[in-house]
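# Summary of structural features
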Amino acid sequence: MDFRKIARENTISIIVYIALLCFFTFLAMNKYTCSNENFLIGIFILVLVLGVILIFYFRGNMKNIYKVAFVVILIFGICSVFLTPICDISDEYEHLVRSEIVSNGEITTDYVKDPVNNLSGFKTISSMEALCIATDSNLFEHQLWDTKINYTDYYSSCAFAQNPFYAYIAPALGILLAEFLNLSTVWMLFLGRMANLILYAVIVSIAIKKAPAFKFPLFLVSIFPLAIFQAGSISSDCFFICFAILAIAYFFVLYKSDNIRYRDLGVFFGSILLLSILKQPYVVLSLLIFVVPNSNFKDVKQNVISKITIIAVIGVVVLWTSYAAPQLNNSWRLVYFMDKHVDPSEQAKFMLSNPSFDLYYVYKVLTLTPVISDRLFEFSYAKQAYSAPLVSTIYLVFIIIFSLFYPLKEKFSVLNRFKVFIIGVIIYYGMFIVQYLTWIPVKSKNFADGVPGRYFIPLLVLIPLIINISYKTNFNKKTFSNIAFAVAISFVGGMLMLTTVAKF
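Residues numbered from 1 in each chain as written. Predicted model: local features only at pLDDT ≥ 70, side-chain atom pairs only at ≥ 80, totals over all residues. Heavy atoms only, no water.

## Quick notes on unusual backbone geometry
- Within the chain, Asp-136 stands out as a residue other than glycine whose phi angle is a positive 75°.
- Among the structural elements, Asp-136 can be located in the loop between helix 6 (126-133) and strand 3 (153-156).
- For Asp-136, a relative accessible area of 26% corresponds to the partly exposed category.
- In this structure, His-341 is a non-glycine residue whose phi angle is positive, near 60°.
- You can see His-341 is positioned in the loop between helix 14 (333-340) and helix 15 (344-352). (Helix = DSSP H or I, 4+ residues; strand = E, 2+ residues; numbered from the N terminus. Buried < 20%, exposed > 50% of the residue type's maximum accessible area, 1.4 Å probe, protein only.)

Given below as C-alpha cells:
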C-alpha cells in the first residue's frame, strides 16, 4: 500500500478538517470558559486524530458508505456519551426513569401513591434520584463512580408515560447490563446511552445500505452533530431520528423498484408508524407513497392497499395520541399547564374561530425558520444549554451548497419535487402546531416556545431532493464527496469541542 499516495490524495480533506476544527474550537473558547485546559488540549488532540483517521477510512470505503456511517457514529458518539454531563440532555432524567421502568419488563407506566409521603409518582429505584441530583455534573464533578446501585424504592414525579415503551428498550438493556455486571450507579446512564447509540448506528447503517439512491445525503444527515448528540443519550429522540431516516431510505427503495415487494412497503409504513407515535406530524411521511410511480407497483391491488395503509397508520397514531395526551398531566407538566394556562382544546377553539390570527400564525412560523436553524446547534436544555449560532449559520450554508450541487444520478421531476416540498412544509408546520396546542399558553404569540431544532433533523434529507441542480453542473463526485465528508465531520468534532469548553 502506497501510504504517501493515500496521504497526498487526502491532503485537502485533512487541511479542511483541521482548519475548521480549530476555527470551531476558537469560537467555543470565545463564548465559554473552560477551567480544565489540560483536558481541553487532550480532547482536541483526540478529536483531531480521530477525524484524520476517519478521513482515510472514508477514502477506502466510499463504495460502502454505510460502514463509514456506522464507524463515524460510534467513534464520535462514544466521545459524546462520556463528555456530555449527567442528565444534561433535554429531559434525559425523565427518559432515564422510563428506561429503568422498562428494564423491569413494564410496558405501561403506572402513576401511583408513594406510601411514605402520600404523593403520586412513578415507582423506580433510588439511584435515579442520585443521578437527578448529579445533573449537569461532568466526569470529574460527581461521586457516582464509586456509588453502588441503590435498589430501594423511589417515586419519580415524571417518567414520560405518554411515550411508547419500545422507544426505551435499547437504553433499558444498557441499564440491565450495568445491573448484571454490578457496576456503579453512573454506569446505568453511560451503558444506557451506549445502547441507544448502538441502536442508532445499526438502524442508520441499514437504512443507508438498503437505499438504492441518495445514500450520501442520508449519510450526511445521520452524522449531523445534534443527531449524534441525541443518539449518545437516553432519549426517545434517538429512536425517532433513526427510524425517520430508515423510512426515507425505504421511500427510495420503493421509488427505484421495478416490482415493489410487500416487505418493503411493510418496513416503510412500519417505520413511519413507530416514529409518528413519538412525533405525530411525521405521519405525513406516509404521503411519500404518492411520489412513487404507479408503474412500480405489482398491480392495482397493491397500489390501492398502499394508499389505504396511510389511513390505517394515521388512525393508529390518532388513537395513541388520545391515550397519551392525558398522560402528560401525570408529571410536573400539570403545574406548568395550570400556571401558564395551557389548554389544547381551548387553544384549538381559539385558532378555529380566528382566521386572521391563523394567517398571522402561518406567516410568523415561516419567519421563525432562522430561529430553528440556530437551534440545530443548541445542545442540552434550558438551564444548562450551550449553543453555537455562528456554526449553525455556517452549516446552513454548507447544507445548501451540498444540496444544490452534490452530483446525484437521480433526477426528480418538478412535480415530484413539489410533492416532497409540500410534505416537508406540512411536517414543519405540524411540529409547530402540535407544540402550540400542547405547550404554549392560550392565545400566546410566542410561537417558537418549546420547538427544539432536533425535531426537524430528518427534514434535512429532503432538501437535496427538492433543490438539487447537479445535472446542470460538472462537479467531480469523488472530490466533492471527500470535501463534504471532511466538512461534515468537522462539525461533529466542533460539537465535541463545544461540549468540552462549555462543560469542563
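## Concerning a nonpolar patch on the surface
- The grouping of Ile-41, Ile-45, Val-49 and Ile-53 at the surface amounts to a nonpolar patch, some 350 Å² of accessible area in total.
- Owing to a relative accessible area of 48%, Ile-41 belongs among the partly exposed residues under this scheme. (Patch = residues over 30% accessible without salt bridge, like charges linked within 9 Å, V, L, I, M, F, W, Y side chains within 5 Å. Areas by Shrake-Rupley, 256 points an atom, 1.4 Å probe, with all protein chains shown as cover. Salt bridge = Lys/Arg side-chain N within 4 Å of Asp/Glu carboxyl O.)

## Brief notes about the packing of aromatic side chains
- Under the counting rule described, the total for this entry stands at 59 aromatic pairs.
- For the pair Phe-224 and Phe-377, a centre-to-centre distance of 5.5 Å together with 75° between the ring planes defines the contact as edge-to-face. A residue pair is termed long-range when its members are at least 10 positions apart, and Phe-224 in the loop between helix 9 (215-222) and helix 10 (225-231) and Phe-377 in the loop between helix 17 (369-375) and strand 4 (378-379) qualify at 153 residues. The pair Phe-224 / Phe-377 is uniform in exposure class, with both members buried.
- Their ring planes at 85° and their centres at 6.4 Å tell us that Phe-377 and Phe-379 sit as a pair that is edge-to-face.
- For Phe-377, a relative accessible area of 3% gives the class buried.
- Exposure remark for Phe-379: the relative accessible area of 0% places this residue in the buried category.
- Over the face of the ring belonging to Phe-240 we find Lys-279, whose NZ or CZ atom lies 5.4 Å from the ring centre.
- The positively charged end of Lys-307 is found above the aromatic ring belonging to Phe-290, 5.4 Å away from the centroid. (Phe/Tyr/Trp six-rings, centres within 6.5 Å; stacked < 30°, edge-to-face > 60°. Lys NZ or Arg CZ within 6 Å of the ring centre and 35° of its normal.)

## Some details on helix 4 (residues 65-83)
- The first and last C-alpha atoms of helix 4 sit 27 Å apart over 19 residues, in line with the 27 Å expected at 1.5 Å per residue.
- Along helix 4, the residues that are buried comprise Ile-65, Val-68, Ala-69, Val-72, Ile-73, Leu-74, Phe-76, Gly-77, Cys-79, Ser-80, Val-81 and Leu-83.
- Its buried side turned inward, helix 4 meets helix 2 (11-31), helix 3 (37-60), helix 8 (186-210), helix 9, helix 10 and helix 21 (477-503). (Expected span 1.5 Å × (residues − 1). Contact = heavy atoms within 4.5 Å.)

## Section: the nonpolar core
- Ranked by size, the top nonpolar core spans 182 residues in total, and within it Phe-76, Tyr-200, Phe-216, Phe-251 and Phe-485 carry the most contacts.
- Per-element accounting of this core gives the leading share, 18 residues, to helix 11 (residues 236-256).
- Once residues within four sequence positions are removed from consideration, Phe-251 is found in contact with Phe-268, Leu-288, Val-291, Val-292, Phe-412 and Leu-465. (Core = buried A, V, L, I, M, F, W, Y, C linked by side-chain atoms within 4.5 Å.)

## Regarding the layout of surface pockets
- There is about 690 Å³ of room inside the second largest pocket.
- Taken together, 23 residues line the second largest pocket, and the ones lying closest to its centre are Thr-369, Tyr-428, Leu-459, Leu-460 and Ile-463.
- Put simply, the parts of the chain that give the lining of the second largest pocket at least two residues each are helix 17, helix 18 (389-405), helix 19 (414-438) and helix 20 (462-467).
- In terms of residue class, the lining of the second largest pocket is built from 19 nonpolar, four polar and no charged. (1 Å grid on protein atoms, 1.4 Å probe; cavity = no way out; pocket = protein on both sides within 12 Å on 5 of 7 lines; lining within 4 Å. Points joined across faces, edges and corners; volume = space filled by probe spheres on them. Nonpolar A, V, L, I, M, F, W, Y, C, P; charged D, E, K, R; others polar.)

## Considerations on empty space enclosed by the protein
- Enumeration over the complete set of coordinates arrives at one cavity of 30 Å³ or more.
- Reported here for the largest cavity is a volume of approximately 30 Å³.
- Taken together, Phe-82, Leu-83, Thr-84, Pro-85, Ile-86, Ser-137, Asn-138, Leu-139, His-142 and Phe-190 make up the lining of the largest cavity.
- Within the lining of the largest cavity, the residues separate by chemical class into six nonpolar, four polar and no charged.

## Thoughts on the environment of Pro-344
- Within the secondary structure, Pro-344 sits in helix 15.
- Counting along the chain gives 96 residues from Pro-344 to Ile-440, while the straight-line C-alpha distance between them is 9.0 Å.
- If near-sequence neighbours (up to four positions away) are discounted, Pro-344 is found in contact with Leu-437 and Thr-438.

## Details of the sheet that holds strand 2 (residues 120-125)
- Here we have three strands laid out as an open sheet, ordered 1-2-3, and antiparallel in their pairing. Of all strands in the sheet, those bounded by a partner on one side alone are strand 1 (111-113) and strand 3. Between one strand axis and the next, the sheet turns by 65° as a mean value, whatever way the strands run.
- The pairing of strand 1 with strand 2 spans three bridges and is classified as antiparallel. Across the sheet, residue Lys-113 finds its bridge partner in strand 2, namely Ser-120.
- Sitting on the sheet, helix 5 (residues 92-102) is in contact with strand 2 and strand 3, with an inclination near 65° to strand 2. (Pairing = 2+ DSSP bridges. Axes fitted to C-alpha atoms, helices over the stretch in contact; angles between N-to-C directions.)

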